[in-house]
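Here is what each chain is made of, one letter per residue.
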Amino acid sequence: MDNDSGQSMVLGDVEVLRVVEWQGSFLPARDLVPDAPERVWEENADWLVPDHVGPADGMAMMALQSWVLRSGGRTVLIDTGVGNGRERPGGGPFHHWNGDFLGALARAGVRPQDVDVVVNTHVHADHVGWNTHDAGDGAGDWQPTFPNARYLIPAADAFHFGPDHDYGGGLRELDRLLYEDSVAPVVKAGQAVLWDGTHRIDEHLTLESAPGHTPGSAVLRLDSGGERAVFVGDLLHSPVQILDPDHNSCFCMDPAGAAATRHRILGRAAEERELVVPAHFGGPGAVEVRREGPGFALSRWAPYADGR
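Everything numeric here is computed off the predicted structure, so don't read it as measured data.

## With respect to the overall build of the protein chain
Step number 1: Across its full length, the protein chain carries ten helices and 17 strands.
Step number 2: Relative to the 2.2 N^0.38 estimate, which gives 19 Å for 308 residues, the radius of gyration of the protein chain is 18 Å and therefore close to what a compact globule would have.
Step number 3: With 308 residues in all, the protein chain has 56% of them scored as buried.
Step number 4: Put simply, 66% of the contacts in the protein chain that link residues at least 6 apart link residues at least 24 apart.
Step number 5: Here the protein chain displays about 12300 Å² of accessible surface, and carbon together with sulfur accounts for 49% of that area.
Step number 6: Counting 24 positive and 45 negative side-chain charges, the protein chain places the averaged centre of each group 5 Å from the other.

In structure tokens, the structure reads:
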């Protein structure tokens, strides 16, 4: 699926729309989750292929996607993709990315002015890019894309990637640039809400700190009408991390912290029957889990309706 939108489901009183900007092969699956031993890929190939691992080349099949929640009369957007025309040195395909994120939102029935709340699960290049757009037509005049929205940004990430952190030269150029063009303009416009611990959006939606992938990584919990989901951002990049939560991705900044958080979040999801919704899974993109031995097993993929 390429540059498409239009999968939806209803959980209690909340409508969930999956908005896919891009989907395809990203990097070798074994490089994406280097902690997972070879036997894990081989023993689970019958269901990992083709939605999560390419059948011919072993590449990780992933999606660049966002989630729109219609809750309590408001529109909540979870993560904002890469953003177009950005300088992302060392960022692979994200450097000078040119996608159709706003078009995908429009096909899902969402205009920028309709968004009331933007949630950045963490400050990485593929989660904050469309926080802003270039109002100067290539001149680098970055302005908030969603004029009526509050942007909920984890305070720990805003500090870690921001100018007040004394890195002693250790901050990557990519991280400095993404903060300057995708976070700082939102703060300057007075639209940013920096939060820590927990933050309640409404009666159905609550943000919760889940550090490890980044210092401020967060999950969003949905609880409505007896139905539950947890939007976990980059806590998971591949289903093999569900089988053994100790398996970190190559992008986890604090591997031990990320693994501990993964155990905690998946444990609660299994106990409370929360639908687990990662940021980048290909295929159905969301799954129920159950405990199995020291890890977990996949129970049921999300039942989406077709299109809108």
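Here the narrative resumes, following the displayed structure.
## Considerations on the pairing of strand E14 (residues 275–278)
Step number 1: By the alternation rule, side chains of E14 split into Leu 275 and Val 277 and Val 276 and Pro 278, which are all buried.
Step number 2: Note: strand E13 (residues 227–233) against E14, four bridges, orientation parallel. Bridging across to E14, Gly 233 finds its partner in Pro 278.

## Points about the environment of Ile 78
Step number 1: Structurally, the position occupied by Ile 78 is in strand E4 (residues 74–78).
Step number 2: For Ile 78, a relative accessible area of 2% corresponds to the buried category.
Step number 3: Spatially, the C-alpha atom of Ile 78 lies 6.3 Å from that of Asn 120, the residues being 42 residues apart in sequence.
Step number 4: In this view, Ile 78 contacts Ser 66, Trp 67, Leu 69, Val 119, Thr 121, Leu 220 and Phe 231; residues no more than four positions away in its chain are not counted.

## Focus: the pattern of salt bridges
Step number 1: Under the definition given, this model contains 20 salt bridges.
Step number 2: Of the charged contacts, one joins Arg 221 and Glu 274 as a salt bridge, the two residues approaching to 3.0 Å between their closest N and O atoms. Of this pair, Arg 221 sits in strand E12 (residues 218–224) while Glu 274 sits in the loop between helix H10 (255–272) and E14; the two residues are 53 residues apart in sequence, bridging distant segments of the chain.
Step number 3: On the basis of relative accessible area, Glu 274 is assigned to the buried category, the value being 1%.

## Section: unusual backbone geometry
Step number 1: Residues Val 49 and Pro 50 are joined by a peptide bond in cis, for which omega reads 5°.
Step number 2: As for its position among the elements, Pro 50 is in the loop between helix H3 (45–48) and strand E3 (59–71).
Step number 3: Located in the positive-phi region is His 96, a residue other than glycine, with phi close to 60°.
Step number 4: Within the element layout of this structure, His 96 appears in the loop between E4 and helix H4 (101–107).
Step number 5: Positive phi, normally seen in glycine, also occurs at Arg 273, with a value near 55°.

## Looking at the nonpolar core
Step number 1: One finds Val 68, Leu 77, Leu 105, Val 115, Val 118, Phe 146 and Tyr 151 to be the most contacted residues of the largest nonpolar core, which totals 30 residues.
Step number 2: Those elements that provide at least two residues to this core are strand E2 (14–28), E3, H4, helix H5 (125–128), strand E8 (150–154), helix H6 (155–161) and helix H7 (173–182).
Step number 3: If sequence neighbours within four positions are ignored, Val 68 has contacts with Glu 15, Val 16, Leu 17, Val 19, Thr 75, Val 76, Leu 77, Leu 105 and Val 110.
Step number 4: Residues Val 14, Trp 67, Val 76 and Val 119 belong to the second largest nonpolar core, which totals 24 residues.

## What to know about the packing of aromatic side chains
Step number 1: Under the defined criterion, the tally for this structure stands at seven aromatic pairs.
Step number 2: Here the aromatic rings of Trp 22 and Trp 97 are separated by 6.3 Å at their centres, their planes lie at 85°, and the arrangement is edge-to-face. Linking Trp 22 in strand E2 with Trp 97 in the loop between E4 and H4, this pair joins segments that are 75 residues apart in sequence.
Step number 3: For Trp 22, a relative accessible area of 23% gives the class partly exposed.
Step number 4: Plain terms: the ring middles of Phe 146 and Tyr 151 are 6.5 Å apart, the flat faces sit at 50° to each other, and that makes the pair tilted.
Step number 5: Site record: aromatic cluster; members linked through ring pairs are Trp 22, Phe 26, Phe 94 and Trp 97.

## A short note on the environment of Val 276
Step number 1: Relative to the helices and strands, Val 276 is located in strand E14.
Step number 2: Sequence separation between Val 276 and Ser 238 is 38 residues; the distance between their C-alpha atoms is 12 Å.
Step number 3: For Val 276, the contacting residues outside a window of four places in its chain are Val 230, Val 232, Leu 236, Leu 266, Ala 269, Gly 285, Ala 286, Val 287 and Val 289.

The rules behind each value
- Residues numbered from 1 in each chain as written.
- Predicted model: local features only at pLDDT ≥ 70, side-chain atom pairs only at ≥ 80, totals over all residues.
- Heavy atoms only, no water.
- Helix = DSSP H or I, 4+ residues; strand = E, 2+ residues; numbered from the N terminus.
- Rg over C-alpha atoms; globule rule 2.2 N^0.38 Å.
- Buried < 20%, exposed > 50% of the residue type's maximum accessible area, 1.4 Å probe, protein only.
- Contact = heavy atoms within 4.5 Å.
- Areas by Shrake-Rupley, 256 points an atom, 1.4 Å probe, with all protein chains shown as cover.
- Lys, Arg positive; Asp, Glu negative; His and termini not counted.
- Charge placed at Lys NZ, Arg CZ, Asp CG, Glu CD.
- Pairing = 2+ DSSP bridges.
- Salt bridge = Lys/Arg side-chain N within 4 Å of Asp/Glu carboxyl O.
- Core = buried A, V, L, I, M, F, W, Y, C linked by side-chain atoms within 4.5 Å.
- Phe/Tyr/Trp six-rings, centres within 6.5 Å; stacked < 30°, edge-to-face > 60°.

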